[in-house]
Number of protein chains: 2
Amino acid sequence: MRFTTRGKYGLLLMVDLARNLGQGPIPLKSIAERQKLSERYLEQLVLDLRKAGLEKSVRGSQGGYTLAKSPEEINVGDVIRVLEGPIAPVECENQMDKDCCSNTDFCINREVWVKIRDSINDVVDSISLADLLSGRDNEQEKIKIL
Amino acid sequence: MRFTTRGKYGLLLMVDLARNLGQGPIPLKSIAERQKLSERYLEQLVLDLRKAGLEKSVRGSQGGYTLAKSPEEINVGDVIRVLEGPIAPVECENQMDKDCCSNTDFCINREVWVKIRDSINDVVDSISLADLLSGRDNEQEKIKIL
DNA sequence: ACAAATTCCGATGGGTTTAGTAGGATATAA
DNA sequence: TTATATCCTACTAAACCCATCGGAATTTGT
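Residues numbered from 1 in each chain as written. Chains lettered and ligands numbered in written order. Predicted model: local features only at pLDDT ≥ 70, side-chain atom pairs only at ≥ 80, totals over all residues. Heavy atoms only, no water.

Q: What should I look at first to understand the packing of helix H4 (residues 76–84) of chain A against helix H5 (residues 105–125) of chain A in this one?
A: Geometrically, a packed helix pair is captured by the angle between its two axes and the distance between the axes. Residues and elements named next belong to chain A. Look at H4 against H5: their axes get within 6 Å of each other, and the N-to-C directions meet at 125°. The pairing of H4 with H5 is recorded here as oblique in orientation. Contacts between H4 and H5 pair Val76, Gly77, Ile80 and Arg81 from the former with Asn121, Val124 and Asp125 from the latter. (Axes fitted to C-alpha atoms, helices over the stretch in contact; angles between N-to-C directions. Helix = DSSP H or I, 4+ residues; strand = E, 2+ residues; numbered from the N terminus. Parallel < 35°, antiparallel > 145°, perpendicular 65-115°, else oblique. Contact = heavy atoms within 4.5 Å.)

As structure tokens, this is what we get:
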């Protein structure tokens with residue numbers, strides 16, 4: 001039950017952009033260096049993020065990327081779903097919302113998968129890039145861990 | 001973000017055993033037929049489930065498997081963690097509970113991964129095999145979907 | 001004693017996915 | 001015109017998933 005590096009790196013990328021807001025377009029090279037990731041691999045991620053309307057790009061020398069919206073308006077869930085696809089803990093996603101197969105054991109278990117899906121979506125949709133930068137919940141988190 | 005078929009099939013297997021409780025040991029062959037799964041593949045899953053103490057086996061003719069505990073005492077989370085390993089949405093699990101790397105962007109994002117992990121564990125630990133059989137939450141679920 | 005059923009266990013293999021790398025086209029600033 | 005970047009597609013090595021296979025060990029029934 002893992003996200004791939006697409007989601008992991010993509011969120012790093014977006015947080016980096018959010019932190020460097022207002023400095024003009026940020027070239028991928030500098031992000032790759034700061035985050036110690038492959039620039040070439042990040043290229044593929046930003047491509048999807050831009051197409052999804054989460055980033056804007058400026059081509060050519062002095063070019064780079066900026067967030068297309070403010071950090072408050074971009075949720076972690078937006079980023080992750082673009083890079084990882086829709087969150088669905090088991091296959092049969094298209095039917096996960098339907099009452100399609102109510103007499104099999106799979107659909108007895110469907111309750112489990114639906115609840116997992118919903119809980120993950122709730123978490124990622126409740127955290128914005130701005131939240132991450134401000135560390136809003138970090139203290140709660142530390143209390144919980146200790 | 002998917003579980004593998006191990007978790008999916010394993011839960012089917014356990015629900016099947018729970019349903020056929022009190023009928024003596026259930027041979028894998030009959031489970032495989034009912035659930036339309038490969039008996040050979042299920043073999044590998046029950047091996048782990050038995051070693052983890054969730055099932056008991058009886059070898060030889062007329063043998064099979066039974067739940068090692070009552071369906072009320074077995075949570076979905078028990079089953080899934082045995083078959084899929086610990087729930088951890090990104091790598092670095094061993095350190096996910098520690099305050100190990102507080103100055104990197106990864107650990108700014110750690111808040112996200114920790115919350116996802118906890119929310120999944122909360123869901124799967126709150127549902128027992130007995131809950132699934134009784135369909136306790138199914139009505140809530142249908143209301144939510146419609 | 002023997003045959004059938006069944007679990008136990010390790011090895012192997014084909015297909016898919018992941019995590020990049022590579023090549024080259026296009027656009028822009030200086 | 002050169003250097004810097006993004007854009008886009010194709011490729012690849014390694015890992016992982018989903019089984020299948022062969023055969024040993026155990027138990028019941030005849």
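So much for the structure itself; the text now carries on.
Q: Looking at this structure, how should I read the packing of helix H2 (residues 28–35) of chain B against helix H3 (residues 39–51) of chain B?
A: Residue and element names in this part refer to chain B. Where H2 meets H3, the closest approach of the two axes is 9 Å, and the angle between their N-to-C directions is 115°. When the axes of H2 and H3 are compared, the crossing they make is right-handed. Of the residues in H3, those in contact with Leu28, Lys29, Ile31 and Ala32 of H2 are Glu39, Leu42, Glu43 and Val46. Looking at the contact of H2 with H3 residue by residue, the classes come out as five nonpolar, no polar and three charged. (Left-handed = near helix turned anticlockwise from the far one by under 90°. Nonpolar A, V, L, I, M, F, W, Y, C, P; charged D, E, K, R; others polar.)

Q: Just to check I follow, could you spell out the protein's contact with DNA strand D for this structure?
A: Within the structure, DNA strand D sits among 26 residues, and A:Ser57, A:Tyr65, B:Ser38, B:Arg40 and B:Gln44 are positioned closest to it. Within 4 Å of the protein, atoms of DNA strand D come from sugar and phosphate in 61% of cases. A:Arg59 is positioned with one of its side-chain polar atoms (N or O) 3.1 Å from a base oxygen of DNA strand D. At a separation of 2.4 Å, a base oxygen of DNA strand D approaches a polar side-chain atom of B:Arg40. Those elements that place two or more of their residues in the surface near DNA strand D are helix H3 (39–51), strand E1 (55–58) and strand E2 (64–67) of chain A together with helix H1 (5–19) and H3 of chain B. With six residues, H3(A) is the largest single contributor of residues to the surface near DNA strand D. By residue class, the composition of the surface near DNA strand D is seven nonpolar, 12 polar and seven charged. (Near = heavy atom within 4 Å. Polar contact = N/O pair within 3.5 Å; in protein donor to acceptor, adjacent residues only side chain to side chain.)

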